[in-house]
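Per-entry structural report
Listed below are the residues making up each chain.
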Amino acid sequence: MKKYICIHGHFYQPPRENAWLESIELQDSAYPYHDWNERITAECYASNAFSRILDDQGWIERIVNNYAKINFNFGPTLLAWMEAKAPNIYAAILEADRQSIDRYGGHGSAIAQAYNHMIMPLANRRDKETQVIWGIRDFETRFNRFPEGMWLPETAVDLESLEVLAKHGIQYTILAPYQAGRIRPLDGKEEDWLNIEGGDIDISRPYLQKLPSGREIVLFFYDGPISRAVAFEGILSSGETFAGRIMDGFSEEREGPQLAHIATDGESYGHHHAHGDMALAYALHHIEEQNLATLTNYGAFLAKHPPTDEVEIHENTAWSCAHGIERWRSDCGCSSGGNPGWNQAWRAPLREALDWLRDVLSDGFEKKSESLLKDAWAARNAYIDLILDRSSKTLDRFLKDHAVSPVTEAEKIDILKLLEIQRQTLLMYTSCGWFFDEISGIETVQVIQYAGRAIQLGEQFYGEALKPGFLKILEKADSNIPDHRNGKIIFEKFVEPAMVDLKKVGAHYAISSLFEDYAEHPAVFCYRVDRQEYQTAEAGLAKLAAGVVTITSEITRESEQIDFGVLHLGDHNVSCGIRNHQGDEHYRQFKDEVFGIFERADFPSTFRALDKHLPAHKFSLTSLFHDEQRKVLDMVLASNLETTESTYRQIYNANAPLMRFLTLSHSPIPKALYTAGEVAVNADLRRSLAEPQIDADHIRNLLIDARHTGLALDEKTLEFTFRKNLEDTAHRIKASPEETELIRTLEESVALTSVLPFRTELRKVQNLMNRVRDRLYEKMRRRAQAGDPKAAAWSEAFKSLCEMLTLRLE
């Protein structure tokens, strides 16, 4: 019996970008990271790209790329984020697929995914087509090949979805075992059908699903019990245990080659289960080293062992709902389980509202595009090329292929708006919007936000009110949280404040220009700012700026020229006015009057002058987009915090001996003194741990003070601060690897981890030093043996550093 093993990881995060900015804004719940994509990338995606195999002494024997040995898919919207924000991890994923092609006989381990994780059986045929076409095109652009397989979101399946996959050349997909309905041999008769009960299907081989159109698609049904054990039963606590559990998937009663295979959320390997990536790495290593089975991927196995049996699926089923696909349209009882007593009756009216909006906008899309596009839906399918590359060259090629005739600039904007409306209506069906417990949760607000963007563009383009009809339906979606009441209130609370137009982008630029130096043509998220005029003046703490800028959307190419004036009187007191540019003479009159008054330090009159010239659109610091607002507030608070911390430090230093005595005598420390000590010690530790040259003695003394007085440490912030410092030094070593002093600096800093009261994550430092080891260590060691004193000093320092990092050199 030939044994094969395939592990599939479904790596995915919902799109989190602000629908108007095309960028993820600060998410405090992901602290100390900027957002959840960044956090999960650090915990999972990066960990699997550079995972560890340890020897029997707990030292790092090798660092491996797990993706190269497993079958996997990444959500296209996640890969788009990674390409921009985590390019080294993105590159490692692409490289893993290239390696797997060589490893598995020309069959890459990466497969595609339906574009934005829409529940396919609940989509109409047109949306299914676009999801598959976009998923394939995105995959081709990134991996430079056609995908053999495609992941269906939540493995939600119906025959029409499989028809669409097969139509577009997809060979296989992966389902849960209980999604199989009945099987028979390929040459079997009607009476040979065998009904499958409770997922009791032989998962060790592929099956052929014949489709009504005459097309066919191969289905793999993963091992349900082992997959559940990975996700929920803790078998990732040991790589050897994990390997043994997978081996249990083979049966001596089966004849011929067998495939033991599982499918889980990829986030199990590091995010849901800490160090799960290492369990995966060791399991794969152990299976190969012990020659227990042959590692493979689905494409390679299928090429050697095509189906011998036919299957018919249970339609409208999914791997994460016991009630079919009801989790995404009704109060079926499936939820995260964290809020007993809550209901999900909001799911039905949410889908009803989105379906209504989609259909209204689709009708408008067809009518409005008749004079602009040869085939509206073909153009929408091809719009993925512009999503992937917004350059003028790609746009020109797209218009040549799809526009009815050469277009004017205004018609170009119209076409892009029409297509962008359609993109937003697809994004608003992202499955996570229904998955969890509450309509006001961030995932559901995100899909409602996409609907809000579609409504805004639709009302601009079609000239008719869409929001009232949408909110009338959404109002039926009751929140479990009394303050939020229903979907209409949630829209007004959380979506409307996030809405952006070109004037608001202009206000953001104007206000933030007081706090940072912009280039002449800066990018502000997905907008370009072209500055024609800009002037500032200062009077004490007060500052005035005025200018003329053109704001252009990089998405729709629409633009607007505006005049602005902004006055800052210190701290958070900012007032900004915006108007459409009315000509250079009007701007000059406004500017001369406002600056003339400001130069006299007559600030009330300056406010009145701004109001007179710029009455229509008023903005304040709250108008800044979230990240910039936080950055400006941090700048505003910096001097105040420094003064406050200094005051607390004086109080603490004066009372530290008394606080120690109180602690030793088991007497309570007065809250005022405790607070002063807590603020002072954490601030000093944070500052000291961020210094390029660590003062270890000072840090040790601060820790002793904290321990003797029972002060609570902000361990999460301190660890993150120190980790980033170590990583910065490691990056400097990678850039200048022969600098012995840099290595000693890092060695001294890493030595400090043994006395810190928290565990410092050293993965990235180890990764970087592993690269230096592979690239330079042998060369320097040979030079040292030849008598080079500098190489000898380097080798000694690097060896000592690697010992601290438990990184094997030989």
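Higher on the page you've got the structure.
Residues numbered from 1 in each chain as written. Predicted model: local features only at pLDDT ≥ 70, side-chain atom pairs only at ≥ 80, totals over all residues. Heavy atoms only, no water.

It is worth spelling out the overall build of the protein at this point. Summing up its helical and strand segments, the protein has 28 helices and 20 strands in all. Here the protein has a C-alpha radius of gyration of 30 Å; the compact-globule value for 810 residues is 28 Å, and the two agree. Along the three orthogonal principal directions, the C-alpha set of the protein runs to about 95 × 80 × 60 Å. Residue burial in the protein is summarised as follows: out of 810 residues, 57% are buried. Within the protein, counting contacts between residues at least 6 apart in sequence, those at least 24 apart form 69% of the total. Carbon and sulfur atoms make up 49% of the accessible area of the protein, which amounts to about 33900 Å² in all. Each charge class in the protein was averaged separately, 91 positive and 121 negative side chains, and the resulting centres sit 2 Å apart. (Helix = DSSP H or I, 4+ residues; strand = E, 2+ residues; numbered from the N terminus. Rg over C-alpha atoms; globule rule 2.2 N^0.38 Å. Buried < 20%, exposed > 50% of the residue type's maximum accessible area, 1.4 Å probe, protein only. Contact = heavy atoms within 4.5 Å. Areas by Shrake-Rupley, 256 points an atom, 1.4 Å probe, with all protein chains shown as cover. Lys, Arg positive; Asp, Glu negative; His and termini not counted. Charge placed at Lys NZ, Arg CZ, Asp CG, Glu CD.)

Here the focus is helix H20 (residues 584–598). For H20, which comprises 15 residues, the first-to-last C-alpha distance of 21 Å matches the rise-based estimate of 21 Å (1.5 Å per residue) to within 8%. Residues of H20 that are buried include every one of Tyr587, Phe590, Lys591, Val594, Phe595, Ile597 and Phe598, and no others. End-on view of H20: buried residues confined to an arc of 160 degrees, all on one side of the axis. Against the buried residues of H20 lie strand S16 (527–539), strand S17 (542–553), strand S18 (559–568), strand S19 (574–580) and helix H21 (603–613). (Expected span 1.5 Å × (residues − 1). Arc of directions from axis to C-beta.)

If you walk across this open sheet you meet the six strands as S15-S16-S17-S18-S19-S20, and the pairing is antiparallel. The strands lining the two open edges of the sheet, one partner per strand, are strand S15 (523–524) and strand S20 (617–619). Across two bridges, S15 lies against S16 in antiparallel orientation. Residue pairing across strands places valine 524 opposite tyrosine 527, the latter belonging to S16. Across the face of the sheet, H20 comes into contact with S16, S17, S18 and S19 while running at roughly 155 degrees to S17. (Pairing = 2+ DSSP bridges. Axes fitted to C-alpha atoms, helices over the stretch in contact; angles between N-to-C directions.)

This next bit is on the pairing of strand S11 (residues 216–221). When you tally the buried positions in S11, you get five out of six residues, the bulk of the element. Inspection of the sheet shows strand S7 (residues 172–175) paired to S11 by four bridges, in the parallel sense. Paired with threonine 173 across the strands is leucine 219, a residue of S11. Sheet topology note: the strand S10 (residues 207–210)/S11 ladder contains four bridges and is antiparallel. What sits directly across from tyrosine 207, in S11, is leucine 219. Here S10 folds back onto S11, and the loop between the two strands holds five residues, one of which, glycine 214, carries a positive phi near 100 degrees.

Looking now at helix H22 (residues 626–664). Its 39 residues give H22 an end-to-end C-alpha distance of only 46 Å, which falls more than 12% under 57 Å, the value for a rise of 1.5 Å per residue. The largest bend along H22 reaches roughly 55 degrees and is located at asparagine 655, with the proline proline 657 sitting one to four residues downstream. What H22 keeps buried is the set Glu628, Val632, Val636, Glu645, Tyr652, Ala656, Met659 and Leu662. The secondary structure elements touched by the buried residues of H22 are helix H19 (502–512), helix H23 (671–689) and helix H24 (696–709). (Bend = angle between axes of the 7 residues up to and from the residue.)

The next thing to look at is the packing of aromatic side chains. Tallied over the entire structure, the rule returns 32 aromatic pairs. On the numbers, 6.4 Å between centres and 55 degrees between planes, the contact of tryptophan 134 with tyrosine 383 is tilted. With tryptophan 134 in helix H4 (residues 125–143) and tyrosine 383 in the loop between helix H11 (376–382) and helix H12 (384–388), this pair connects stretches of sequence that are 249 residues apart. Taken as a pair, tryptophan 134 and tyrosine 383 share a single burial class, namely buried. A ring pair is formed by phenylalanine 598 and phenylalanine 603, whose centres lie 5.7 Å apart and whose planes are at 45 degrees; its orientation type is tilted. Accessibility expressed as a relative area gives 21% for phenylalanine 603, which makes it partly exposed. Joined through ring pairs, the aromatic side chains of Phe11, Tyr45, Tyr67, Phe72 and Phe74 make up one cluster. Its end group placed over the ring of phenylalanine 435, arginine 327 keeps NZ or CZ at 3.6 Å from the ring centre. (Phe/Tyr/Trp six-rings, centres within 6.5 Å; stacked < 30°, edge-to-face > 60°. Lys NZ or Arg CZ within 6 Å of the ring centre and 35° of its normal.)

Take the pattern of salt bridges next. On inspection of all chains with the given rule, the structure shows 67 salt bridges. Among the salt bridges present, the one from aspartate 97 reaches arginine 145, with a minimum N-O distance of 2.8 Å. Of this pair, aspartate 97 sits in helix H3 (residues 87–103) while arginine 145 sits in the loop between H4 and strand S6 (150–151); the two residues are 48 residues apart in sequence, bridging distant segments of the chain. Here aspartate 97 matches arginine 145 in class, with each residue buried. With a shortest N-O distance of 2.8 Å, aspartate 138 and arginine 142 are connected by a salt bridge. On the criterion of helical spacing, the pair formed by aspartate 138 and arginine 142 is a turn pair, its members being four residues apart in helix H4. Arginine 142 shares its class with aspartate 138; the two are buried. Three or more residues joined by partner-sharing salt bridges are found here, namely Arg125, Lys128, Glu129, Asp158, Glu160 and Lys167. (Salt bridge = Lys/Arg side-chain N within 4 Å of Asp/Glu carboxyl O.)

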